[in-house]
Amino acid sequence: MQKTVQLYEGKAKKVFATENPDYVIVSYKDDATALDGLKKGTIGGKGVINNRMSNFLMQLLEKEGVPTHYVEELSDRETVVRKVTILPLEVIIRNISAGHFAQRYGVEEGIVFDSPTIEFSYKNDDLHDPLLNAYHAIALRLATREEIELVKSLAFRVNDILKAYFKGIGVTLVDFKLEFGKTSDGRIVLADEISPDTCRFWDAKTGEKLDKDRFRRDMGGVEDAYNEMKRRVLGEQ
Ligand code: TMP
């Protein structure tokens, strides 16, 4: 499948049209931003790692019955996915306190929850992605009640599958962000990516951070952490 025109360029990916109106090609960049776009940089090799890891995990989820946008990996950085209209909601699942949860509620990082939490934020850069609840999302017509219910149950299923998978490779899945989209025939599917940019991964033994927090917090060892996650997920260097 061939790229035709570029449809969109985001912070971490470009999206291209193809000859097939139902398919687009995403191309993953090494660019990284954090802190609402204030911090900018590059993480060498990130595009390749995120593309390949995300494709692996999307296929794992498909096998477990979660519908995703994934179609076919074209190359190290490029993948064919179903064209969707992204619901303007970031869906965040947390198993352990960290990041904005710890900041917002004034608790330390590392508290293991009895059951996972879910939250939504409104994908809107001008408003800095404000937190909202299901009633707000419905009032703003970002999604219907039925779509929200479906997204919630899919997100918790994704958590169950990924938590178990990562446990098997010695990684604790702390939290992550998902995005869902609607296909031309009205189906809701998991879209965007699942990668160290969008998840918090802690080494199960040492607690070492193996994700984008190393970049957000200027901890160093960013590329090493991404490569370590690639090695564990794909079982290669
Ligand atoms: P948070 O603690 O900053 O709210 O992040 C929760 C999870 O969501 C974490 O795994 C990182 C991910 N995330 C994104 O993928 N994109 C974002 O813009 C933000 C703020 C978080």
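Anything mentioned here points back to the structure above.
Sequence order as written defines residue numbering, which begins from 1 separately in each chain. Restriction of local features to residues with pLDDT of at least 70 applies here, the model being predicted, together with a cutoff of 80 or more for giving and counting side-chain atom pairs; totals for whole chains, interfaces and linings are based on all residues. Hydrogen atoms and water are omitted, and side-chain values are computed over all heavy atoms in the structure.

(A) Region of interest: helix 4 (residues 145-168). For helix 4, with 24 residues, the first-to-last C-alpha span of 35 Å sits near the 34 Å given by 1.5 Å per residue. Exposure classes here rest on a 1.4 Å probe applied to the protein chains alone. A residue is buried below 20% of its type maximum, exposed above 50%, and partly exposed in between. In this description a helix means any DSSP run of H or I spanning at least four residues, a strand means any run of E spanning at least two, and both kinds are numbered starting from the N terminus. Along helix 4, the positions that sit buried rather than exposed are Glu147, Ile148, Val151, Leu154, Ala155, Val158, Asn159, Ile161, Leu162, Tyr165 and Phe166. The length a helix should cover is 1.5 Å for every residue beyond the first.

(B) Unusual backbone geometry, seen in detail. Positive phi outside glycine occurs at aspartate 129, with the angle close to 50°. Here aspartate 129 shows up in the loop between strand 10 (112-122) and strand 11 (131-132). One non-glycine residue, aspartate 192, lies in the positive phi region at around 55°. Topologically, aspartate 192 is positioned in the loop between strand 13 (188-191) and strand 14 (199-203). In this structure aspartate 192 comes out as buried when scored by relative accessible area, which is 15%.

(C) Inspection of helix 1 (residues 46-63) at higher detail. Between its first and last C-alpha, helix 1 extends 26 Å over 18 residues, near the 26 Å set by a 1.5 Å rise per residue. Within helix 1, 14 of the 18 residues are buried, leaving the element largely enclosed by the surrounding structure.

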